[in-house]
Amino acid sequence: MTEGVALAGIEFAAGLIDGMLDAVWLIDAANLRVVAANAAAGALMGADASSLCGREIVELCATPEDLFFWGEAASGLTQEIESETWLRRFDGITIPVKRRISRVSMGPAHDLFVVVLHDSSERRRVEDELEERIEELAATLESTADGVLVTDIAGNIRSFNQTFAALWGLPPELLRRRDDDAIMDAMARAVTDPSAYMHRVAANEDTEVREVVDTVTLLSGRVLQRVMLPQMSHGRVVGRVHSYRDISERLEAIHRIETLSSTDALTGLPNRRVLADRVDFSIAMAQREGTPFALLFANLDRFKHVNDTLGHEFGDRVLMEVAERLKACLRQVDTVTRLGGDEFVMLVHQADALGAESAARRILEAMHRPFTHGGMSFVVTCSLGIVLYPRDGAGLDELVRRADDAMQEVKSAGRASYRFHRSCEVPGQDGGPRSRLRLDNAMRQALVEGHFRLHYQPQVDMNTGKVLGAEALIRWHDPELGNISPGEFIPVAEQSGFIVPIGDWVLRQAVHQAAQWYRQGRGLVVSINVSAVQFHRAGFVDRVASALHAAGLPAGMLELELTESILIQDAQEALLRLQALSDLGVKLAIDDFGTGYSSLGYLKRFPIDRLKIDRSFVRGLPGDESDVGIVNAIVNLGRALHLEIVAEGVETEDQRQFLMRTGCEQYQGFLFAPALDSRSFEAKLDPENPPAGL
Ligand SMILES: Nc1nc2c(ncn2[C@@H]2O[C@H](COP(=O)(O)OP(=O)(O)OP(=O)(O)O)[C@@H](O)[C@H]2O)c(=O)[nH]1
């Protein structure tokens, strides 16, 4: 082929490419030089198209890949290529291009390479921007505290973040596999109620455009809040975005705040706020259905002593244990609250006086179980005040105040018992209440002016009818107030502490009388009642010893009557004191046996000589079955422990007969004689030889 023919071919080809939009170069395959370039190629390179002609192709190549291609092409090893590459313009700027090279034959032994270049700068820019946006989005997704799961409209997983996997505890292996069914299955297995969960998920799939918010509880105990939003594209729902947030801590905090504002931190019992709500509810019920309810106000006895001797921490443990015991004494519907300190209030639903009383008895019984500390056991008793709605008040404040008053009465009377409101009123002769202050003043005056007397009630041998002893009982006739019964003034004296001088007076007086009888050869044991305040007072044993010494009375002719509650309070100290009295030779009896918290434990440990059966058990004899049972049990117990038994309040021959058959050894009561002044007492002993003046 001649050169002219070849040139004509090139010109023809140059004409063809000139109008093309893409940049095109024609390269002579023989020498790899540019033989033609269109205007678009000039524009791409930033030069006139004609200035490209004649240049060696390697001059225009920017990448090793191109150099390699042209090297291969020169050797005839390769013919074409299509790829993305870079082009360096004449101004030195490198631009991305899509480049296709193909070899065309222009005739025998004359081939051209046609190089078509498409500037992909704009596409690259858009792609880069898109990639950047996607990376930004992915980073945002990962940095959010929420777990995000994106599904398409069919429920297939499109993407999720690491938080999602972590919240649901999905194994990495499962995530790597991207097995949608396995992931969904693992999610269903992680919730507490899989079937309800699946049901909800299926219902949500049907929800086209609505936002759905709900919570999911996982088996791990965590609670996730789920917000599901439809993903829209061109106004159509194309998928769903589920975001999960762990709200366990928030729920826990809310719960804690609610609990704190309604419960006592130490015992976990509800507080006064809850009590107010429940009392309101009970009042509404009571008004609608006419059912009364009771409030019991409990205060631990001498709790300060527990704190002072065993430490505040142990005191706290006692309070917690008390809370448990109180709860166990009531029904589930009832409410036990701690008002603070050592004060508890119980709401007993649908309870009348009987129901309230039996709850109070259960509580006292429960408190009788000893607490242990470092191998030592001791009892913490409590005092209870009881009020009834509607009888004692119209609302919580009034009821609590009155229950507190009644509880204070119990404290004054020696503690470890219960009392209903109203019983605290001390009826005067005019039927109205006589103020405690007035009584207290009058008592002090009575002691100075000698208005107190001792009367003696004979204690008789059941079999022989012989008088073996006497119980000394205090009497008060006030010139202004008239006769005042010990039941009225002793509680007032106990509360004010004046019981101590009164008790001392009784002790000295009784010992003096017993010594007289002793010298007369009567051999009568005289008993006196000892109050808790008096017994626990320091120096009590010394005072007894000195009274005996002063009167010259053998200790065995004096008996001290103690209530069960005295023994239970501070049992360790009580034991030491009783031991000292017993060593002195004084006799010890338990008064009103059976009405307190009788425990075989203390009967065995304490040096007791006699039990006195309370009159309340004697009253029903011999007809009342439960009284019969109780009296039998007490007599058998006394026999087993080698204790003498004395029955109080024996008024009929039937009662005496029954007691004698049971094995009770002594009795006292109206059947033989009421309490008598000493002269009448002596007359009763010697009917043949009454003292002068009778
Ligand atoms: N350990 C402990 N003690 C408390 C708490 N709150 C109050 N106390 C103590 O409980 C005692 C309550 O004493 P009071 O009821 O006034 O008197 P008491 O010693 O029980 O004597 P009486 O009630 O007259 O039988 C005080 O010593 C308080 O310091 C508590 O949360 N923990």
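Up top is the structure these notes are about.
Residues numbered from 1 in each chain as written. Predicted model: local features only at pLDDT ≥ 70, side-chain atom pairs only at ≥ 80, totals over all residues. Heavy atoms only, no water.

J.: Help me out: how do you make sense of the packing of aromatic side chains in this one?
T.: For any pair of aromatic rings, the description consists of the separation of the ring centres together with the inter-plane angle of the planes. The tally for this structure, following the rule as stated, stands at 16 aromatic pairs. With centroids separated by 6.1 Å and ring planes inclined at 50°, the aromatic side chains of F452 and W505 adopt a geometry described as tilted. Here W505 lies in helix α18 (residues 499-519) and F452 lies in strand β18 (residues 452-461), a separation of 53 residues in the sequence. F452 sits in the buried class, given a relative accessible area of 2%. Given the relative accessible area of 17%, W505 is considered buried. Taken together through their ring pairs, the aromatic side chains of F160, F164, W168, Y197 and Y244 make up a single cluster. Just above the ring of F371 sits the side chain of R325; from NZ or CZ to the centre is 4.1 Å. In this arrangement the basic side chain of K684 is found over the ring face of F672, its NZ or CZ atom lying 4.9 Å from the centre. (Phe/Tyr/Trp six-rings, centres within 6.5 Å; stacked < 30°, edge-to-face > 60°. Helix = DSSP H or I, 4+ residues; strand = E, 2+ residues; numbered from the N terminus. Buried < 20%, exposed > 50% of the residue type's maximum accessible area, 1.4 Å probe, protein only. Lys NZ or Arg CZ within 6 Å of the ring centre and 35° of its normal.)

J.: What exactly am I supposed to notice about the environment of L310 here?
T.: Within the secondary structure layout, L310 lies in helix α12 (residues 303-310). Judged by its relative accessible area of 22%, L310 is partly exposed. Linking L310 and H373, residues 63 residues apart in sequence, is a C-alpha distance of 8.1 Å. With residues up to four places along the chain from it excluded, the contact list for L310 reads H305, H373 and F378. (Contact = heavy atoms within 4.5 Å.)

J.: Teacher, can you tell me more about the nonpolar core here?
T.: Looking at soluble globular proteins, one finds that nonpolar side chains tend to be buried together. Counting residues in hydrophobic clusters, the biggest one holds 83 residues, and the most contacted among them are L560 and L659. Top element by residues in this core is α18. It accounts for eleven residues. Setting aside residues no more than four positions away along its own chain, L560 makes contact with I528, V530, F540, V544, L581, V586, K587, L588 and A589. Of all hydrophobic cores here, the second largest spans 36 residues; its members include L296, V306, F314 and F371. (Core = buried A, V, L, I, M, F, W, Y, C linked by side-chain atoms within 4.5 Å.)

J.: Quick question: what am I supposed to make of a negative patch on the surface here?
T.: A contiguous patch of negative charge on the surface is contributed by D128, E131, E132, E135 and E136. With respect to the helices and strands, the residue E135 is situated in helix α5 (residues 121-143). (Patch = residues over 30% accessible without salt bridge, like charges linked within 9 Å, V, L, I, M, F, W, Y side chains within 5 Å. Areas by Shrake-Rupley, 256 points an atom, 1.4 Å probe, with all protein chains shown as cover. Salt bridge = Lys/Arg side-chain N within 4 Å of Asp/Glu carboxyl O. Lys, Arg positive; Asp, Glu negative; His and termini not counted. Charge placed at Lys NZ, Arg CZ, Asp CG, Glu CD.)

J.: Would you take a moment to explain the pairing of strand β12 (residues 335-340) for this structure?
T.: In summary, the side chains of a regular strand alternate between the two faces of the sheet. Of the strand pairs in this sheet, β12 and strand β13 (residues 343-348) are connected by five bridges, and their pairing is antiparallel. Bridging from a neighbouring strand, G340 pairs with E343 of β13. Here β12 folds back onto β13, and the loop between the two strands holds two residues, one of which, G341, carries a positive phi near 50°. (Pairing = 2+ DSSP bridges.)

J.: Quick question: what am I supposed to make of the pairing of strand β6 (residues 147-152) here?
T.: With six of six residues buried, β6 lies mostly within the body of the structure. Neither face of β6 is exposed, since G147, L149 and T151 on one face and V148, V150 and D152 on the opposite face are all buried. The turn joining β6 and strand β7 (residues 157-160), which pair antiparallel and follow one another in sequence, is formed by four residues; a positive phi near 95° is taken by G155.

J.: Before we go on, may I ask you to explain the sheet that holds β6 in this structure?
T.: Two pairing modes exist for strands in a sheet, parallel and antiparallel, and in both the strands are linked by backbone hydrogen bonds. A sheet is described by the order of its strands in space; here five strands give the open sequence β7-β6-β10-β9-β8, paired in antiparallel fashion. With one partner strand each, in any of the chains shown, β7 and β8 (212-217) form the two edges of the open sheet. Within this sheet the neighbouring strands show an average axis-to-axis angle of 25°, counted without direction. Examined bridge by bridge, β6 and β7 share three bridges and lie antiparallel to one another. Within β7, the position partnered with T151 by the bridge is I157. (Axes fitted to C-alpha atoms, helices over the stretch in contact; angles between N-to-C directions.)

J.: How should I be thinking about empty space enclosed by the protein in this particular structure?
T.: It is a probe the size of a water molecule, rolled over the atoms, that shows where empty space is left. This structure, assessed with the given rule, holds one cavity of 30 Å³ or more. Taken as a whole, the largest cavity encloses approximately 80 Å³ of empty space. Every residue lining the largest cavity is counted, 14 residues in all, and those nearest its centre are W25, D66, L87, R99 and L117. Looking at the lining of the largest cavity, the elements with two or more residues in it are α3 (57-60), α4 (64-74), β3 (81-88), β4 (94-107) and β5 (110-119). Tallied by class, the residues present in the lining of the largest cavity amount to eleven nonpolar, one polar and two charged. (1 Å grid on protein atoms, 1.4 Å probe; cavity = no way out; pocket = protein on both sides within 12 Å on 5 of 7 lines; lining within 4 Å. Points joined across faces, edges and corners; volume = space filled by probe spheres on them. Nonpolar A, V, L, I, M, F, W, Y, C, P; charged D, E, K, R; others polar.)

J.: Would you explain the sheet that holds β5 in this entry?
T.: One open sheet accounts for five strands, arranged β2-β1-β5-β4-β3; its pairing is antiparallel. The open sheet has two edge strands with one neighbour each: β2 (33-37) and β3. Recorded for the sheet is a direction-independent mean angle of 35° between the axes of neighbouring strands. Taken together, the eight bridges between β3 and β4 define a ladder with antiparallel strand orientation. Pairing of L87 across the sheet is with I95, part of β4.

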